[in-house]
Structure formats: structure tokens, C-alpha cells
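# Results of the structural survey
Chain residues, written in single-letter form:
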Amino acid sequence: MADKETKRYMELQMEEMKSFHAENEDDAEKKESAAKKNKSINEKEAEIAELYEDLAEYEEDLECFENELEVVKTNELKDIGPSLTQNFPDEERDYEAELKTVVEAGWRHMVETLNTHPKEQLELIEKCDFADMAEKLTDAFPDYSGNFETEIKEVLVKRWEILIAIKKEHIKEEIAEIKTAGLKPHYAKRVYKRYHGIE
């Protein structure tokens, strides 16, 4: 009888071992299947994230331009350059030089295309720094009926509004491309953020 019990005990152990190994094999197959599934999910997420990449960049640029426009609108002319530098320290831009270039281009348009301003004003703008531009123009042209500070600010505001309009148009195009791919933009954004670890 002891032999029968031992034999039965051995059979039970054998069944347990078979069961255990079968479970391990199943687990291994499941892990391998999960790994393949994760890899395919990651590849799909990478594709979606790549599709959203340009849109994310345009949205970031748009936000930056809108914030810069706010600084341009809310500050006095002489304070715009330093305020932009202070509010956006991570930007590697020379705001004073950029502002001067924008005003020069805007004034050149008014002188050469619209014929609303004399060439001498443009020549003076090209010679002076942005911060004292309005003051030097006012001193050089005391009989001028307009307000140089207001006009310079209008040139700057128009430039930022154009940049914002261009970025919004790019965003619309990217959204259309995402929709054409059969995705919803908010879903693509969520996948992009998850893929890049942005939360």
C-alpha cells in the first residue's frame, strides 16, 4: 500500500510539474506576445507622434509669438526690447536688433511702396538704435504731424500679427493632415505627449 501511495504521490508531483511548466511556457508565450504587441504599439505611437511633431512645434511658436505680441502692446517703445529679453531669457535672440530690423523693413515699405513717408526718416532709422529711434525722429522732424512712437509700435504689432496669422495657417494645415490620416488631433496630441513623456 505504501508503494501505491508513493506512486500516487509521484504522479501528483509529476502533474504539478507538467502544469507548472505549461504555465511557464504560457507565461513565456504571453510575455513574448506582449513584447511584440508593445513593440507594434510603440511603433504606431512613434508614427502618430511624428505626425504631430510639426503641429506641436507650430503651437509652441504660436504661443511664443502671442506672448511676445502682448509684451510689444503693453510696454512703452523704449522698454519693449529689455522686456522681451527679460520675459524670454531662454530665447537666444537679440531682440533690440530684431526690433530695429522690423522697423526698418516696415518704414522702407512706407517710403518706397506706399510713398507716405520721406526717405530721410528711413535713413535716420537705419543710423540709430531701436531704443532711441522715436526720440531721434521727433527731434529731426519737429513739424511732422504724426506720432513716431505710435507708428513704430504699429509696425511692430503688425509684424507679430502677421507671424501669428502664418502660424495659425500652418496649424490648420497640420490639423487637416492629421485628420486626413484618420486621426483626431486631440488623440494625436495625447499620443505625442505620452510618447515624449510630456505631462
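Whatever comes next refers back to the structure up there.
Everything quoted here is computed from the prediction, not taken from an experiment.

## Points about the packing of aromatic side chains
A full pass over the atoms with the stated rule returns 4 aromatic pairs. With centroids separated by 5.3 Å and ring planes inclined at 45°, the aromatic side chains of Y52 and Y192 adopt a geometry described as tilted. Placement of Y52 in helix α1 (residues 2-74) and of Y192 in helix α7 (residues 185-196) is noted, with a sequence separation of 140 residues between them. Considered together, Y52 and Y192 belong to a single accessibility category, that of buried residues.

## Section: the packing of helix α2 (residues 77-87) against helix α3 (residues 95-113)
Across the interface, α2 lies against α3 with an axial gap of 9 Å and an inter-helix angle of 135°. When the axes of α2 and α3 are compared, the pair comes out oblique. You can see that α2 and α3 cross each other, and the crossing is right-handed. Between α2 and α3, the contacting residues are I80, G81, P82, L84 and T85 on the first element and Y95, E96 and L99 on the second. Of the residues belonging to the contact of α2 with α3, the class tally is 5 nonpolar, 2 polar and 1 charged.

Criteria and thresholds
Residues numbered from 1 in each chain as written. Predicted model: local features only at pLDDT ≥ 70, side-chain atom pairs only at ≥ 80, totals over all residues. Heavy atoms only, no water. Phe/Tyr/Trp six-rings, centres within 6.5 Å; stacked < 30°, edge-to-face > 60°. Helix = DSSP H or I, 4+ residues; strand = E, 2+ residues; numbered from the N terminus. Buried < 20%, exposed > 50% of the residue type's maximum accessible area, 1.4 Å probe, protein only. Axes fitted to C-alpha atoms, helices over the stretch in contact; angles between N-to-C directions. Parallel < 35°, antiparallel > 145°, perpendicular 65-115°, else oblique. Left-handed = near helix turned anticlockwise from the far one by under 90°. Contact = heavy atoms within 4.5 Å. Nonpolar A, V, L, I, M, F, W, Y, C, P; charged D, E, K, R; others polar.

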